[in-house]
Amino acid sequence: SQPGAYAFRMNRNYDGTGGAFGETGVAANSSDQSKLSLYAAKRADGALTIMVINKTGGSLTAPLAISNYSGSMAEVYRYSEANLNQIVRQADQAVGGSGFTAVFPANAITLFVLPFALAPSLTIVKRHDELARLDSGHGQNARRDAGRGT
């Protein structure tokens, strides 16, 4: 297995057919990036991509509250200890008008691909009332910060 190569593929070719993380960053902030990091970006086709990285040794559950987005289904891709030899397509995640709740396995990278979104904002509430917020108004800062690993 090559975890570094798969982490790169989650950004540039998660589905094996050139599927990529978005080109225009969406601000992503977490109250504790050392445990549950998140990044978001919009693609040229309008899809919102959300990458969540669980850096802990335990599973974390997080309700994701999305505003300014009408519900649909999100494609889900994951690289985790369950299969260190490939990125695995998971079952689609239902996205209601107010968002969804997801479980993030230990030491895993999870990518959600939501179809066309106008101007969404996303709040991720983690355990112990920790907050993380994605706000579509600060796209360039998020892209710059993501490159620095902040």
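Because the structure is predicted, anything quoted here is derived from the model rather than measured. (Residues numbered from 1 in each chain as written. Predicted model: local features only at pLDDT ≥ 70, side-chain atom pairs only at ≥ 80, totals over all residues. Heavy atoms only, no water.)

Novice: What should I look at first to understand the overall build of the protein chain in this one?
Specialist: Per the secondary structure count, the protein chain includes two helices and 10 strands. Helices and strands appear in the protein chain in the N-to-C order α-β-β-β-β-β-β-β-β-β-β-α. The burial tally for the protein chain puts 45% of its 150 residues in the buried class. The contacts in the protein chain between residues at least 6 apart in sequence include a share of 66% that link residues at least 24 apart. Of the roughly 7,300 Å² of accessible surface on the protein chain, a fraction of 51% belongs to carbon and sulfur atoms. (Helix = DSSP H or I, 4+ residues; strand = E, 2+ residues; numbered from the N terminus. Buried < 20%, exposed > 50% of the residue type's maximum accessible area, 1.4 Å probe, protein only. Contact = heavy atoms within 4.5 Å. Areas by Shrake-Rupley, 256 points an atom, 1.4 Å probe, with all protein chains shown as cover.)

Novice: Explanation requested: the pairing of strand S2 (residues 36–42) in the structure shown.
Specialist: Each regular strand shows side chains that alternate between the opposite faces of the sheet. Of all seven residues in S2, seven are buried, a share of seventy percent or more. What you see with S2 is no split at all: Leu-36, Leu-38, Ala-40 and Lys-42 on one side and Ser-37, Tyr-39 and Ala-41 on the other are buried throughout. Of the pairings in the sheet, the one linking S2 to strand S3 (residues 48–54) comprises seven bridges and is antiparallel in character. Paired with Ala-41 across the bridge in S3 is Thr-49. (Pairing = 2+ DSSP bridges.)

Novice: Could you clarify how one ought to interpret the pattern of salt bridges in this entry?
Specialist: Where charged atoms from two side chains of opposite charge approach closely, those side chains can pair. A complete count under the given rule lists two salt bridges for this structure. For the salt bridge of Arg-43 with Asp-45, the shortest nitrogen-to-oxygen distance reads 2.8 Å. Between Asp-92 and Arg-89 there is a salt bridge, with its nearest N and O atoms 2.8 Å apart. A relative accessible area of 39% places Arg-89 in the partly exposed class. (Salt bridge = Lys/Arg side-chain N within 4 Å of Asp/Glu carboxyl O.)

Novice: Could you clarify how one ought to interpret unusual backbone geometry in this entry?
Specialist: Glycine aside, negative phi is the norm for most residues, and most peptide bonds take the trans geometry. Here the phi dihedral of Asn-107 falls at roughly 50°; this positive angle occurs in a residue that is not glycine. As for its placement among the helices and strands, Asn-107 is situated in the loop between strand S7 (99–104) and strand S8 (108–114).

Novice: Can you help me understand the nonpolar core in this one?
Specialist: Note on soluble globular proteins: their nonpolar side chains tend to be buried together. The biggest cluster of nonpolar side chains holds 20 residues, and the ones touching the most others in it are Ile-50, Val-52, Val-95, Phe-100, Phe-104, Phe-112 and Leu-114. In terms of residue count, the dominant contributor to this core is strand S4 (residues 60–67) (four residues). (Core = buried A, V, L, I, M, F, W, Y, C linked by side-chain atoms within 4.5 Å.)

Novice: Even after reading the chapter, I still don't get the environment of Thr-110, so can you show me in this structure?
Specialist: Secondary-structure assignment places Thr-110 in strand S8. The class for Thr-110 is buried, based on a relative accessible area of 0%. In this structure Thr-110 touches Met-10, Ile-50, Met-51, Val-52, Val-76, Tyr-77, Arg-78, Phe-104 and Pro-105, once residues within four positions along its chain are discounted. At 2.9 Å, the side chain of Thr-110 forms a polar contact with the side chain of Arg-78. (Polar contact = N/O pair within 3.5 Å; in protein donor to acceptor, adjacent residues only side chain to side chain.)

Novice: Can you help me understand the environment of Val-95 in this one?
Specialist: Turning to its location among the elements, Val-95 is positioned in strand S6 (residues 83–95). With relative accessibility at 4%, the residue Val-95 sits in the buried group. Residues Val-95 and Met-73 lie 22 residues apart in sequence; the distance between their C-alpha atoms is 5.4 Å.

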